[in-house]
Amino acid sequence: MIIHLKIEDGRISNASFQTYGCPGVIACGSMITTMAKGKTIDEARKISRPEIIDRLGGLPLGKHHCAGLAAAALHDALGKINNPAQ
């Protein structure tokens, strides 16, 4: 999963994602971009796997890793804001 962020005035003004995978990973990518919009970079860094699962109302057994993938992709994108060479 790749997450694209637009930052304006220290806040995430827009977020989108690209992924290949099952409906679980697509739902998690959609949810995390929704959750990130409007947050500061520090607030977005606190979004976690359990929070994504909770906001989705749960995930089927064996699909919780999809939320971890989405959280990792967001954290990776946030890390590149301060270090764009990554």
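Procedures and definitions
- Residues numbered from 1 in each chain as written.
- Predicted model: local features only at pLDDT ≥ 70, side-chain atom pairs only at ≥ 80, totals over all residues.
- Heavy atoms only, no water.
- Helix = DSSP H or I, 4+ residues; strand = E, 2+ residues; numbered from the N terminus.
- Rg over C-alpha atoms; globule rule 2.2 N^0.38 Å.
- Buried < 20%, exposed > 50% of the residue type's maximum accessible area, 1.4 Å probe, protein only.
- Contact = heavy atoms within 4.5 Å.
- Pairing = 2+ DSSP bridges.
- Salt bridge = Lys/Arg side-chain N within 4 Å of Asp/Glu carboxyl O.

Once that is clear, we can look at the overall build of the protein chain. Counting its secondary structure elements, the protein chain contains 4 helices and 2 strands. Its helices and strands in sequence order give the protein chain the pattern β-β-α-α-α-α, from N to C terminus. Here the protein chain has a C-alpha radius of gyration of 12 Å; the compact-globule value for 86 residues is 12 Å, and the two agree. Expressed as lengths along the three principal axes of its C-alpha atoms, the size of the protein chain is roughly 40 × 20 × 15 Å. Residues counted as buried form 30% of the 86 residues belonging to the protein chain. For the protein chain, long-range pairs separated by at least 24 residues make up 53% of all intrachain contacts whose partners lie at least 6 apart in sequence.

Sheet analysis places strand 1 (residues 2–8) next to strand 2 (residues 11–18), joined by 7 bridges and oriented antiparallel. When the bridges of strand 2 are listed, Leu5 appears paired with Ala15. The turn linking strand 1 back onto strand 2 is made up of 2 residues, and Asp9 within it adopts a positive phi angle of 55 degrees.

Here Asp54 lies in helix 3 (residues 49–56). Asp54 gets classed as exposed once you look at its relative accessible area, which sits at 62%. Sequence-wise, Asp54 and Gly38 are 16 residues apart; in three dimensions their C-alpha atoms are separated by 19 Å.

Right, let's get into the pattern of salt bridges. Evaluated as defined, the whole model comprises 4 salt bridges. With a closest N to O distance of 3.4 Å, Arg11 and Glu43 form a salt bridge. In this pair, Arg11 is assigned in strand 2 and Glu43 in helix 2 (residues 41–45), connecting sequence segments 32 residues apart. Among the residues examined, Glu43 registers a relative accessible area of 36% and is labelled partly exposed. In this structure, Asp42 and Arg45 form a salt bridge, with 3.3 Å as the shortest nitrogen-oxygen distance. Linking Asp42 with Arg45, this pair stays in helix 2, spanning 3 residues, or about one helical turn. Among the residues examined, Asp42 registers a relative accessible area of 52% and is labelled exposed.

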